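# Observations on chain architecture
Chain by chain, the residues:
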Amino acid sequence: DAAPCVASLRANRVSEVFHSDIAKVKAATLLSAAGAQPGEIALLTAGPPCQPFSKSANWRYGAPRGLGDPRAETLQHMMRIIEGVLPQVVLIENVPGFAGEGARAGLKSIESAFGKINRRHGVAYRLSTAILDAAEYGVPQHRRRLIMVFDRGGRAFEMPKATHGSVDGGREQSFVTTWDAIGDLQQRDIPDELRARGRWADLLPSIPEGQNYLWHTERGGGAPLFGYRTRYWSFLLKLEKTRPSWTLP
């Protein structure tokens, strides 16, 4: 349900927030809301669904569905809107698997689409890419994402340098940890609807910080209840106070 997300955006923005299927959104509508003409927008950002290209898709289906996943159709609508708006810069983010091969070749797909836009409109969108980790920029969570910047004038984009890291990494500031982010929150009784549920929920107290279900395999230090690497990595995952959080599913 996207309604809570839309409500949050509307509470924090003065600009108009649309809540609509992207297939029904027209570039002209967005330009009208911004009071702009094609080519006048400085920056358009996009975050198309990552599920078709993610590691979890690889685990669930045996191989990522990539461009064959119905959710990947949003890429076509994203490019339709970009062509109608012709912004100076386009910023797109997705999981690293978006740059894969075969069915995972989402990046190649949009590169091809930008090539057609260049030829049709006499522009020169140029791609700059990098895989960045949010934890290296002061976020208390490891979140590796493929960042794609397309510049209409053909300029290369220099990604910002990382500001945080481990002491051994030579950065001026250490990672912001999980406990830095939530350690000062007041502890309260957990409502029933937020308690861990499921067949194995009672095992959570027995798992050390920074470990997951692998603790309870023959290679771990707990009871051998599960086969090694038979579950997805986030199963019974417990965060570690002294490190950034993992990417939360």
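Structure report, in brief. Because the structure is a prediction, the values reported are computed rather than measured. (Residues numbered from 1 in each chain as written. Predicted model: local features only at pLDDT ≥ 70, side-chain atom pairs only at ≥ 80, totals over all residues. Heavy atoms only, no water.)

### Remarks on the overall build of the protein chain
- For the protein chain, the helix and strand inventory stands at six helices and four strands.
- In sequence order, the secondary structure elements of the protein chain are arranged as α-α-β-α-α-β-α-β-β-α.
- Principal-axis analysis of the C-alpha atoms places the extent of the protein chain at approximately 65 × 40 × 40 Å.
- Counting every position in the protein chain, which comprises 249 residues, the buried fraction comes to 29%.
- Sequence separation of at least 24 residues holds for 60% of the intrachain contacts in the protein chain that already meet a minimum separation of 6.
- Working note: accessible area of the protein chain is about 15800 Å², and carbon and sulfur atoms make up 51% of it.
- For the protein chain, the centre of its 32 positive side-chain charges and the centre of its 25 negative side-chain charges are spaced 6 Å apart. (Helix = DSSP H or I, 4+ residues; strand = E, 2+ residues; numbered from the N terminus. Buried < 20%, exposed > 50% of the residue type's maximum accessible area, 1.4 Å probe, protein only. Contact = heavy atoms within 4.5 Å. Areas by Shrake-Rupley, 256 points an atom, 1.4 Å probe, with all protein chains shown as cover. Lys, Arg positive; Asp, Glu negative; His and termini not counted. Charge placed at Lys NZ, Arg CZ, Asp CG, Glu CD.)

### Quick word on the environment of Leu-107
- Positionally, Leu-107 belongs in helix H5 (residues 106-121).
- Sequence spacing of Leu-107 and Pro-96 is eleven residues, and the spatial spacing of their C-alpha atoms is 9.9 Å.
- If we ignore the near neighbours within four places in the chain, the residues touching Leu-107 are Phe-98, Ala-99, Leu-127, Thr-129 and Met-148.

### Side note on the environment of His-19
- As for its position among the elements, His-19 is in the loop between helix H1 (3-12) and helix H2 (27-34).
- For His-19, a relative accessible area of 49% puts it in the partly exposed group.
- Spatially, the C-alpha atom of His-19 lies 9.7 Å from that of Cys-5, the residues being 14 residues apart in sequence.

### As for helix H4 (residues 74-85)
- For H4, built from twelve residues, the straight-helix expectation of 16 Å at 1.5 Å per residue is met to within 8% by its first-to-last C-alpha distance of 16 Å.
- Buried residues of H4: Leu-75, Met-78, Met-79, Ile-81, Ile-82 and Val-85, and no others. One side of H4 holds all its buried residues, which, seen down the axis, span an arc of 160 degrees.
- Against the buried residues of H4 lie H2, strand E1 (43-46), strand E2 (89-94) and H5.
- Of the residues one or two after H4, Leu-86 is the one with positive phi, at around 50 degrees. (Expected span 1.5 Å × (residues − 1). Arc of directions from axis to C-beta.)

### Points about a nonpolar patch on the surface
- On the surface, a nonpolar cluster with roughly 310 Å² of combined accessible area is contributed by Trp-179, Ile-182 and Leu-185.
- Tracing the backbone through its elements, the reader meets Trp-179 in helix H6 (residues 178-182).
- Using a relative accessible area of 42% as the deciding quantity, one classes Trp-179 as partly exposed. (Patch = residues over 30% accessible without salt bridge, like charges linked within 9 Å, V, L, I, M, F, W, Y side chains within 5 Å. Salt bridge = Lys/Arg side-chain N within 4 Å of Asp/Glu carboxyl O.)

### Here we look at the nonpolar core
- Ile-92, Ile-110 and Phe-114 are the most contacted members of the largest nonpolar core, which has 28 residues in total.
- Looking at this core, the elements that each hand over two or more residues are H2, E1, H4, E2, H5 and strand E4 (144-151).
- A per-element tally of this core places H4 first, with six residues.
- Those residues within four positions of Ile-92 in sequence are excluded, and the remaining contacts are Ala-46, Pro-48, Met-78, Ile-110, Phe-114, Leu-146, Ile-147, Met-148 and Phe-150.
- Val-89, Ala-130, Val-149 and Met-159 belong to the second largest nonpolar core, which has six residues in total. (Core = buried A, V, L, I, M, F, W, Y, C linked by side-chain atoms within 4.5 Å.)

### What about unusual backbone geometry?
- Even without a glycine there, the phi angle at Arg-229 is positive, about 55 degrees.
- Summarising the element assignment, Arg-229 is placed in the segment after H6.
- Using a relative accessible area of 61% as the deciding quantity, one classes Arg-229 as exposed.
- With a phi close to 55 degrees, Leu-236 is a non-glycine residue in the positive phi region.
- Within the secondary structure, Leu-236 is located in the segment after H6.

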